[in-house]
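So you can see what is in the structure, the chains are spelled out below.
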Amino acid sequence: MATEEMEQLVRRDYKEGFVTDIESETVPPGLDESTIAFISNKKGEPDWMLQWRLDAYHQWLKMKSPSWAHLDYPPIDYQAISYYSAPKRPEDMPQSLDEVDPKLLETYEKLGIPLHERAALAGVAVDAVFDSVSVTTTFKKELGEAGVIFCSISDAIRDYPELIKQYLGTVVPVADNYFAALNSAVFTDGSFVFVPEGVTCPMELSTYFRINAANTGQFERTLIICESRAQVSYLEGCTAPMRDENQLHAAVVELVALEDAYIKYSTVQNWYPGDENGVGGIYNFVTKRGDCRGDRSRISWTQVETGSAITWKYPSCVLRGKESVGEFYSVAVTNGRQQADTGTKMIHIGEGTRSYIVSKGISAGRSNQSYRGLVKIGPRAKGARNFTQCDSLLIGDTSGAHTFPYQEIGNSTATVEHEATTSKIGEDQLFYCRSRGISEEDAVSMIVNGFCKDVFQELPMEFAVEAEALLNVTLEGAVG
Amino acid sequence: MLEVKDLHVTVEKKEILKGLNLTIKAGEVHAIMGPNGAGKSTLSAVIAGKEGYEVTSGSITFEGQDVLEMEIEERAQAGLLLGFQYPVEIPGVKNIYLLKAALNAQRAARGEGDMPAPEFMKLVKEKIAQMQMDPSFLQRAVNEGFSGGEKKRNEILQMLVLQPKLAMLDEIDSGLDIDAMRVVADGVNSLRDSKRAILLVTHYQRLLDYIVPDKVHVLMDGRIVKSGDAELAKELEVQGYEDIVEEPAA
Amino acid sequence: MSEVIHFLDVLKKRLAQRGSEPTWIAARRQAGAARFEAMGFPTRRDEAWKYTNVRQIAQGHFELAEDADYSSAKAAALTLPIDAYRLTFVDGVFSARLSDVEGLPESVQVMPLSQALAQNHEAVGGPLGRLTGVEFSPFSALNTAFMEEGAVIRLAPGTVVDKPIILQFVSRAGEQPVMSHPRVLIEAAGRSQATVIEHHMGDSDAANFTNLVAEIMLDRGAILTHYKLQEAPLADLHIASIHVEQRRDSRYTSYNLNLGGGLVRNDLVTDLNGQGAEANFYGLFYGQGRQHVDNHTLANHNAPRTFSNENYKGILDDRAHGVFNGKVVVKRDSQKIEGFQSNANLLLSDRAEIDTKPELEIYADDVKCSHGSTTGQLDKEAIYALRTRGIDEQTARGLLTLAFAGEVMEQVDIDAITERVELAVAGKLPERFNLAGLVEIAAAFNEA
């Protein structure tokens, strides 16, 4: 099969490209102390929160944008970005789906996410973030009965200040890195989840983010806390409308798992990747980190990354508690001129800690993709174990696939294994599928899906379906 | 049904088929025999559309359509199916998915909708029982970790589900013990009917004790040098290829 | 900065003694010194030096040796008992007395750099510095600034050298620590073949600094086997940059065996520039005490149908620190590439540490590349199994450690080298276990 044909198959129009026409209240571009004060004031935040933001801002001013990633993009003008936008009636937030702006619901429909259906049928509570402000939160009652708090981070700052003070910034400190510091200064919204001791969250929690207003940076802040023996599964899914300007996204996600707690965090990321010439597209600089504080706690990251022009993202686990477990399962697909530098860090501190990393990268078109990972075994992490499997698939001869795994092992009782392969789609596999009457396009999809199977099976059911759809697979889960 | 005329094929600049002629009618079972390197596998690969084979002259038509102009999958959708000598492994892709995708692709080509899931499952269960395979095979990745015999059974299973008009089986008997051979042969025989044709490519006569062909062709050095009925295969067994050829072509 | 100034002062002093030299040498020396001054010593903020701190070198007040005095008896005790052509350098200074290149055929030249320069300096000036420029690292710049001695090996087309060529570097104990900057140049013409053994050793109480640069050029079809047996004294500081250029169908095989040195850094780079070129990198590093051993390798697949294969094994005991960074780069349009890389490490003590980073950077799609890396400890079950057969624990550990090293060592076909490695890695084992046999036995137990 000719390379050009192969490229045709993976070059697909971005299906989620449309703009919702909802008036936004947006501050003029630029960032200084007054912008931060404006955001904090808009949110009705207490003074300590403003001070926290300003502290982050001052540290950010002293920091430099990281340059070590295998990424190439023009410098970002932080003064050209608008740091706040909200739907027009923030004080008049809809309390049920009936009150939600029909245009927003329509948008979700177009994305193939029938919100109410999904919510009702699948029992998923949805905290929909639209232009940085929570628009609707459902299933509050059921969660409330279980003692689970699931609300916007803004509400949490107002309603649960003690929890925020206790946990915010303890996993990702304000000055952890350039983008985390920026986020800490200007974050506008995001989710807060608190699952009390012994509670298993009765439903999967889900939030769909969108970036909509042009030139608006999106700075979510998510904090999830599971007390002892608590469990939660959290889904984050993202798509964005087609835009020409690059949009900056710098989210921070912090997870805290106490003794025997389990947090599963799944992401499907499908933001606008830019056009074939690399024009437009989201710049995605994300800091995600989980802290396994308690013994036998477990944090699992699963991500399917298909969007964004630039991805800089390393969901990590700090394995502090004895016998705690960290997991990272990732599928990343890049095409066109997308660039992704992604991977994970597993920091083993406690005795008997374990981590698993499975990373599958598919590079097509003129895209470049890097796996960058760190496995660090500290001197006290007796008997720690890591297994890493890291495979790259190349489609076409103009893409690049790179692997940069760091392993720092300071304990002789540790066992660390890393395997990586890079190859292209097998011609003989394609021929076999086609000789069974399956079109070339479907054959590529099937083989790519098979390549990603180890990761997809880690996704919650609804997400797995979406993920496969994202890779344009026509096979349905009817059989099996 | 299938008409191969004066087919010349080169592989990496070397001519493998040198003017091959073959006509297969509906309802017939043909066997092509010949020594190693005669071009047996080349013929079935060219009909299925494998890349790397250059047709320098000649034609292949299937039910009046020019096969050489068809895409690989179009050939399969039209009912031309190749059973491989060495089936490839496809990690992560379950057998059941491949069967479903292939069947529905064929139906779509005929303008039919997808087969409903229950009906599909019923069909597959029936066929897998016929092939005496464990249903767990359906959940395993295509051919991954299968033994040689399991791979061959799997090829026949696909034939039974996809019901091709012309099934081409390339050395389907290699690597099979007697019991497996019987199962495979029974599977192939169950495909025989007046509307369907089967092309067997084989090195040994053994298979033809179980699947009795209507026509036997001897392929040597890129040409069919002798044709006959099932008796010819038995003669080959006794006399060997060289002697058969040295007889003046009658 | 004062650290850099000390080195530049030593250089000035030496140049004042030397008098005039060809302009090209003076110019390169100047460029090297300028580059070194501009860069300074690398710090751990430099990605390539992330895990290796060179403070000991920067702060060591090394001078240059003035002579090559060394007793023949001591040299004989250290040298490999092999029938070979031999050049000996003592603290970087050539010793004609301890060298022997008698019987070399005319198609082979093996001589100290000083002699090659004296004979025809222009013939040296062409290739020298072509592969390892002053930009490569501060140490390559430093070497270029100081270069005055080393080895030149030239093989005429089609020559097959009958015996190994040994370049031995002796580190002497003395009141004043010294430094040397050997420069090695190997030019192998079409279809020539040779085995070169680079051997570093010395007095056990020496504490000197060696900063070697080797440039190796393999023309069409040339085959070079390059052993590096690094048994430098445990307080020695050792930096080496080896850069290979491979034309069509050439084959370079490196055995990088590191047993000694307090601080060791090896950079091994090959440019596979012609179709059919093949590089094999085998490495073993053994660290004990507070040794720090850092191996960086890089295979640049610049042409289609090139092949690289790498297998490095690290064994770390006590508080030793090992670093492995292997990289395979496949350039755009370099199709039909195979690149394999494997790194396995054995940690024998709680305080030992390994930092490993096997990298792939691939810009072509028709490639088969893979790497694997494992770190673990001796298999307790296997130790137990050996002990149930009456083997004491220490021997069992030695056997299993050797078995671990086996995959690399079984490639080595010079017995004298194998024995040195065995002694260092497994200690003195009972006579009945000869190396070949015990590697086999232990491997069998490992599998059981």
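Everything numeric in this text was worked out from a predicted model, so none of it was measured.

Conventions we followed
- Residues numbered from 1 in each chain as written.
- Chains lettered and ligands numbered in written order.
- Predicted model: local features only at pLDDT ≥ 70, side-chain atom pairs only at ≥ 80, totals over all residues.
- Heavy atoms only, no water.
- Phe/Tyr/Trp six-rings, centres within 6.5 Å; stacked < 30°, edge-to-face > 60°.
- Helix = DSSP H or I, 4+ residues; strand = E, 2+ residues; numbered from the N terminus.
- Buried < 20%, exposed > 50% of the residue type's maximum accessible area, 1.4 Å probe, protein only.
- Lys NZ or Arg CZ within 6 Å of the ring centre and 35° of its normal.
- Contact = heavy atoms within 4.5 Å.
- Buried area = accessible area lost by both parts, 1.4 Å probe.
- Salt bridge = Lys/Arg side-chain N within 4 Å of Asp/Glu carboxyl O.
- Polar contact = N/O pair within 3.5 Å; in protein donor to acceptor, adjacent residues only side chain to side chain.
- Pairing = 2+ DSSP bridges.
- Axes fitted to C-alpha atoms, helices over the stretch in contact; angles between N-to-C directions.
- Parallel < 35°, antiparallel > 145°, perpendicular 65-115°, else oblique.
- Left-handed = near helix turned anticlockwise from the far one by under 90°.
- Nonpolar A, V, L, I, M, F, W, Y, C, P; charged D, E, K, R; others polar.
- Core = buried A, V, L, I, M, F, W, Y, C linked by side-chain atoms within 4.5 Å.

## Structural notes on the packing of aromatic side chains
One pass over the full model with this rule turns up 37 aromatic pairs over all chains. Judged by centre distance (6.3 Å) and plane angle (75°), the ring pair of Phe 139 of chain C and Phe 209 of chain C falls under edge-to-face. Taken together, the positions of Phe 139 of chain C in helix 6 (residues 138-146) and Phe 209 of chain C in strand 10 (residues 209-218) put the pair 70 residues apart, joining distant regions of the chain. Pair check on accessibility: Phe 139 of chain C and Phe 209 of chain C agree, each one buried. Of the aromatic side chains, those joined through ring pairs into one cluster are Tyr 57, Trp 60, Trp 68, Tyr 73, Tyr 78, Tyr 178, Phe 179, Tyr 283, Phe 285, Trp 312 and Tyr 314 of chain A. The cationic tip of Arg 53 of chain A hangs over the ring face of Phe 187 of chain A; the distance from NZ or CZ to the ring centre is 4.1 Å. Stacked on the ring of Tyr 432 of chain A, the Lys or Arg Arg 436 of chain A has its end atom at 4.8 Å from the ring centre.

## Points about the interface of chain C and chain A
Listed by partner, the interface residues are 36 residues for chain C and 33 residues for chain A. In this assembly, chain C packs against chain A so that about 2,700 Å² is buried in total across both faces, 44% of it on carbon and sulfur atoms. Taken together, the connections running from chain C to chain A amount to one salt bridge. Across the chain C-chain A interface, the total number found is 21 residue pairs in polar contact (both at pLDDT 80 or more). Within the residue set of the side of chain C that touches chain A, elements represented by two or more residues are strand 20 (353-362) and strand 21 (367-376) of chain C. As paired elements, strand 24 (residues 415-424) of chain A and strand 21 of chain C share seven bridges and run antiparallel to each other. Across the sheet, Val 416 of chain A pairs through a bridge with Thr 375 of chain C, a residue of strand 21 of chain C.

## A few points about the pairing of strand 16 (residues 316-319) of chain A
Residue and element names in this part refer to chain A. What you see with strand 16 is no split at all: Ser 316 and Val 318 on one side and Cys 317 and Leu 319 on the other are buried throughout. Of the strand pairs in this sheet, strand 13 (residues 282-292) and strand 16 are connected by four bridges, and their pairing is parallel. Among the inter-strand pairings, Asp 291 is bridged to a residue of strand 16, identified as Val 318. Pairing of strand 16 with strand 19 (residues 345-348), which is carried by four bridges, proceeds in the parallel orientation. Bridge pairing in strand 19 links Leu 319 to His 348.

## Comments concerning the packing of helix 5 (residues 148-162) of chain B against helix 6 (residues 178-191) of chain B
Packed helices, taken two at a time, are described by the angle their axes make and the gap between the axes. Residue and element names in this part refer to chain B. Between helix 5 and helix 6, the shortest axis-to-axis distance is 10 Å and the interhelical angle comes to 15°. In this view, helix 5 runs roughly parallel relative to helix 6, as classed from their interaxial angle. Taken as a pair, helix 5 and helix 6 cross one another with a handedness that is left-handed. The segment helix 5 lies against helix 6, with Arg 153, Ile 156, Met 159 and Leu 160 engaging Ala 180, Val 183, Val 184, Gly 187, Val 188, Ser 190 and Leu 191. Grouping the constituent residues of the contact of helix 5 with helix 6 by class yields eight nonpolar, two polar and one charged.

## A word on the interface of chain A and chain B
When the parts come together, some accessible area is lost, and that loss is often what is quoted as the size of the interface. Counting from both sides, the interface comprises 24 residues of chain A and, opposite them, 36 residues of chain B. Buried surface at the junction of chain A and chain B, both sides included, amounts to about 2,600 Å², of which 65% is carbon and sulfur. Measuring nitrogen to oxygen at the nearest pair gives 2.7 Å for the salt bridge that ties Glu 71 of chain B to Arg 434 of chain A. Inspection of the region where chain A meets chain B yields eleven residue pairs in polar contact (both at pLDDT 80 or more). Elements with a contribution of two residues or more to the side of chain A that touches chain B: helix 10 (427-434) and helix 11 (440-456) of chain A. The element best represented in the side of chain A that touches chain B is helix 10 of chain A, accounting for seven residues. Of the residues belonging to the side of chain A that touches chain B, the class tally is eleven nonpolar, six polar and seven charged.

## As for unusual backbone geometry
Positioned with a positive phi, Glu 12 of chain B is a non-glycine residue whose angle comes to about 45°. Looking at the secondary structure, you find Glu 12 of chain B in the loop between strand 1 (2-11) and strand 2 (14-24).

## Quick look at the nonpolar core
Side chains of a nonpolar character, in soluble globular proteins, are inclined to be buried together. Core analysis: the largest hydrophobic core is formed by 112 residues, its most contacted members being Ile 362 of chain A together with Leu 7 and Leu 200 of chain B. With nine residues, the top contributor of residues to this core is helix 11 of chain A. Sequence-distant contacts of Leu 200 of chain B, defined by excluding residues within four places in its chain, comprise Val 29, His 30, Ala 31, Ile 32, Leu 169, Leu 207, Leu 208 and Ile 211 of chain B. Membership of the second largest hydrophobic core comes to 80 residues, among which are Leu 319 of chain A together with Val 161, Tyr 252 and Tyr 312 of chain C.

## Observations regarding the sheet that holds strand 9 (residues 166-170) of chain B
Residue and element names in this part refer to chain B. Pairing is mixed in the open sheet, where six strands are placed in the order 6-9-10-3-11-12. A single partner strand is all that each edge strand has here, and the edge strands are strand 6 (80-83) and strand 12 (223-228). This sheet shows a mean twist of 20° between the axes of neighbouring strands, independent of strand direction. For strand 3 (residues 29-33) and strand 10 (residues 197-202), the ladder comprises five bridges, and the chain directions are parallel. The partner of Met 33 across the bridge, within strand 10, is Thr 202.

## Quick word on the side chain of Thr 356 of chain C
Here Thr 356 of chain C is to be found in strand 20. Among the polar contacts listed, one links the side chain of Thr 356 of chain C to the side chain of Asn 343 of chain C, at a separation of 2.9 Å. In contact with Thr 356 of chain C, not counting residues within four places along its chain, are Pro 405, Tyr 406, Gln 407 and Ile 409 of chain A together with Phe 324, Asn 343, Asn 345 and Ser 373 of chain C.

## Section: the pairing of strand 10 of chain C
All names here are of chain C. The element strand 10 is extensively covered by neighbouring structure, given that ten of its ten residues are classed as buried. Burial of the side chains of strand 10 extends over both faces: Phe 209, Asn 211, Val 213, Glu 215 and Met 217 are buried on one face and Thr 210, Leu 212, Ala 214, Ile 216 and Leu 218 on the other. Inspection of the sheet shows strand 7 (residues 178-180) paired to strand 10 by two bridges, in the parallel sense. The residue of strand 10 that forms the bridge with Met 179 is Phe 209. By the bridge criterion, six bridges tie strand 8 (residues 183-188) to strand 10 in an arrangement that is parallel. Looking across to strand 10, one finds that Ile 186 is bridged to Ile 216. The pairing of strand 10 with strand 12 (residues 237-246) spans ten bridges and is parallel. Considered in strand 12, the bridge of Ala 214 is made with Ile 242.

## What to know about the packing of helix 3 (residues 95-109) of chain B against helix 4 (residues 117-130) of chain B
Residue and element names in this part refer to chain B. Running from amino to carboxyl end, helix 3 crosses helix 4 at an angle of 115°, the nearest separation of the two axes being 12 Å. Every pair of crossing elements has a handedness; the one defined by helix 3 and helix 4 is right-handed. Of the residues in helix 4, those in contact with Ile 96, Leu 99, Lys 100 and Leu 103 of helix 3 are Phe 120, Met 121, Leu 123 and Val 124. Residues belonging to the contact of helix 3 with helix 4 are distributed by class as follows: seven nonpolar, no polar and one charged.

## Things to note about the sheet that holds strand 2 of chain B
All names here are of chain B. Strand order in the open sheet formed by four strands is 2-1-4-5, with antiparallel pairing between adjacent strands. Of all the strands in the sheet, just strand 2 and strand 5 (65-66) have a single pairing partner and so form its edges. The pairing of strand 1 with strand 2 spans eight bridges and is classified as antiparallel. Within strand 2, the position partnered with Val 9 by the bridge is Leu 17. Against the sheet, helix 1 (residues 40-48) touches strand 1, strand 2 and strand 4 (53-62), its axis set at about 70° to strand 4.

## What to know about the pattern of salt bridges
All names here are of chain A. One pass over the structure, following the stated rule, counts 57 salt bridges over all chains. Among the ionic pairs, Asp 159 bridges to Arg 158, the shortest N-O distance being 3.1 Å. Relative accessible area serves as the criterion here: at 51%, Arg 158 is assigned to the exposed category. Between Arg 298 and Glu 327 there is a salt bridge, with the nearest N and O atoms lying 2.8 Å from each other.

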